[in-house]
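Overview (structure and organization)
The primary structure of each chain is shown beneath.
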Amino acid sequence: QVQLVESGGRSAQPGGLLSLSCALSRNIFVFNDVGWYRQAPGKQRELLANINVGGVTNYAESVKGRFTISRDNAKNTVALQMNALKPEDTAVYYCYARKLHSCVWGPGTQVTVSS
């Protein structure tokens with residue numbers, strides 16, 4: 001069973017930047033795509049970005065132009081660079097990995113954006 005572990009979540013000021021990382025315990029090429037969701041208090045989980053085995057990326061409109069997803073195939077990691085942070089970016093951020101119809105999730109990492 002693959003395990004995913006996120007890291008990098010912390011507090012930041014509006015306009016600041018953060019970088020999240022997710023480490024997979026298996027070869028990242030096993031998965032059709034990997035990516036990031038977030039869930040803010042009282043809200044549904046929101047897909048932010050994903051990247052497939054070919055390196056094609058997709059972004060939610062809410063983060064397009066501010067967040068960048070990338071993958072390191074040698075290290076089996078996927079990263080999320082977050083720039084121009086806003087208070088509404090405050091949430092728990094989850095990494096996922098999908099193989100066909102099966103998804104595996106990390107435990108999440110908290111990001112708080114406030115002045």
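Residues numbered from 1 in each chain as written. Predicted model: local features only at pLDDT ≥ 70, side-chain atom pairs only at ≥ 80, totals over all residues. Heavy atoms only, no water.

**Description of the state of the cysteines**
Tallied over the entire structure, the rule returns one disulfide. One disulfide in the model links C22 with C95; its S-S distance is 2.1 Å. When the S-S torsion is -80°, as for the bridge of C22 with C95, the disulfide is left-handed. Of the two residues, C22 is situated in strand β3 (residues 18-24) and C95 in strand β9 (residues 91-99); the sequence distance between them amounts to 73 residues. The residues C22 and C95 share a single accessibility class, namely buried. Not part of a disulfide, C103 finds its nearest cysteine sulfur in C95, a span of 10 Å. (Disulfide = S-S within 2.5 Å. Helix = DSSP H or I, 4+ residues; strand = E, 2+ residues; numbered from the N terminus. Buried < 20%, exposed > 50% of the residue type's maximum accessible area, 1.4 Å probe, protein only.)

**Description of the pattern of salt bridges**
Applying the stated criterion across every chain yields a total of five salt bridges. Of the charged contacts, one joins D33 and R98 as a salt bridge, the two residues approaching to 2.5 Å between their closest N and O atoms. You can see D33 sitting in strand β4 (residues 33-39) and its partner R98 sitting in strand β9, a full 65 residues away along the chain. For the salt bridge of E61 with K64, the shortest nitrogen-to-oxygen distance reads 2.8 Å. (Salt bridge = Lys/Arg side-chain N within 4 Å of Asp/Glu carboxyl O.)

**Details of the sheet that holds strand β8 (residues 77-82)**
With antiparallel pairing, four strands are arranged side by side in an open sheet as β1-β3-β8-β7. Across the chains shown, the open sheet's two edge strands, defined by having one partner strand only, are β1 (4-7) and β7 (67-72). On average, each strand axis in the sheet is tilted by 15° relative to the strand beside it, whichever way the strands run. Bridge count for β3 against β8 is six bridges, and the pairing is antiparallel. Note that in β8 the partner of C22 across the bridge is V78. (Pairing = 2+ DSSP bridges. Axes fitted to C-alpha atoms, helices over the stretch in contact; angles between N-to-C directions.)

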